[in-house]
Amino acid sequence: MSSAPISAAAGPLDHVRGLATYWAKLTGRSGEDLPEPQWRMLLDTLGLGIEQTMSHAGRERPDFATFVEWIVTTAGLPDPLIVARYHACIDGTAQPDDILRGIAAIDAAPPVLDADDLRSWDEIGVVVVRGAITPAEAQAAADLLWSQVGGDASDPDSWYGGPRSNGIMIQHFQHPAQTAMRRSPRIHKAFAQLWGTADLWMNTDRMSFNPPERANYRFPGPHLHWDESLSRPIPFGTQGILYLTDTAADQGALQVVPGFHRRLDAWLDALDGADPRQVDLSAEAVTVPAKGGDLIIWRHDLPHGASPNRSSRPRLAQYMMMYSPYGWSKRPWL
């Protein structure tokens, strides 16, 4: 698989393998594409969100040099150590020593999830990491989110309208408050316990603002869904949402169908070829309340979604997940 630049002057990201191939595909200059696992890791290496990158490239159709300039302006230059780790992962070679020491430190850290947490994970596929970040970190992220929606916590009329165009999803990805959450050792350790290794990558995900329903505003979704393919065998994966303020069950909280991973195969068999995404499972869904600063992690083979907010306060949240760079059958995409 070639990832050499198609046409690009020397630039600050020429050493990042696969970037030119990804740019050419996004802008319609080439039909060659990177395998999805690689381009996802590439974006996380660069600190870019999937939606913001695809939207920018599709709208602007920049040349390669302009695309690189946008990346650097948006996310800064990538950490050389993370770039080296990315290259090692796609090559299947040893990761940098500093990365290996960091992984070993998380592996050796005391458990974050106790026996009851792990039992919940096994039985229902969901776990709540209490106090995943500090109150100050949660407040900083909440302040950022309020600034992005152009709202005032004391003025309900300001919670609606504004520049938002993607429902409850807030397309903001780069800020020190978000970086602090993504680098939380407590969050890393919780994911490590579920994956059985600390050798994980954090994704660059967006935020969420789910205001209460009222006469001229109804919850737009997302309702129950899966984000991954249901083609079998379905690989193990995790997803997460971090509440930035206390979130009650009726406050637009995450909803899941608990324990569905235990019967997913039998359920798919019983559908006899029917589209599983057209089946309404809402009667089985439960909401997951938690405190501000708590992280909810669920298995990605669980049906999940947000829920209508029938309280008097909005739900503020940051999506995040960690994943294994080696979870793709020894990188068959190379």
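Structure: see above.
Structural notes, computed from the coordinates. Here the structure is a predicted model, which is why all the values come from computation and not from measurement. (Residues numbered from 1 in each chain as written. Predicted model: local features only at pLDDT ≥ 70, side-chain atom pairs only at ≥ 80, totals over all residues. Heavy atoms only, no water.)

**Notes on the sheet that holds strand S9 (residues 304–305)**
Consideration 1: Spatial ordering of the open sheet is given by S7-S6-S9, a layout of 3 strands whose pairing is antiparallel. In this open sheet, the two edge strands, each paired with only one partner strand, are strand S7 (286–287) and S9.
Consideration 2: Of the strand pairs in this sheet, strand S6 (residues 255–256) and S9 are connected by 2 bridges, and their pairing is antiparallel. Looking at the pairing, Val-256 lines up with His-304 of S9. (Pairing = 2+ DSSP bridges. Helix = DSSP H or I, 4+ residues; strand = E, 2+ residues; numbered from the N terminus.)

**Digging into the sheet that holds strand S4 (residues 207–210)**
Consideration 1: Read across the sheet, 6 strands follow the order S1-S8-S5-S10-S4-S2 without closing on themselves; strand pairing throughout is antiparallel. In this open sheet, the two edge strands, each paired with only one partner strand, are strand S1 (126–129) and strand S2 (169–170).
Consideration 2: Here helix H8 (residues 135–149) sits on the sheet and contacts S2, S4 and strand S10 (315–319); the angle it forms with S4, its principal contact strand, is near 70°.
Consideration 3: Most of the contacts of helix H10 (residues 185–195) go to strand S8 (residues 295–299), to which it runs at about 20°, and overall it touches S1, strand S5 (238–243) and S8. (Contact = heavy atoms within 4.5 Å. Axes fitted to C-alpha atoms, helices over the stretch in contact; angles between N-to-C directions.)

**Re the pattern of salt bridges**
Consideration 1: Counted according to the given criterion, the structure contains 16 salt bridges.
Consideration 2: As a salt-bridge pair, Arg-59 and Glu-60 come within 3.2 Å of each other at their nearest N and O atoms. (Salt bridge = Lys/Arg side-chain N within 4 Å of Asp/Glu carboxyl O.)

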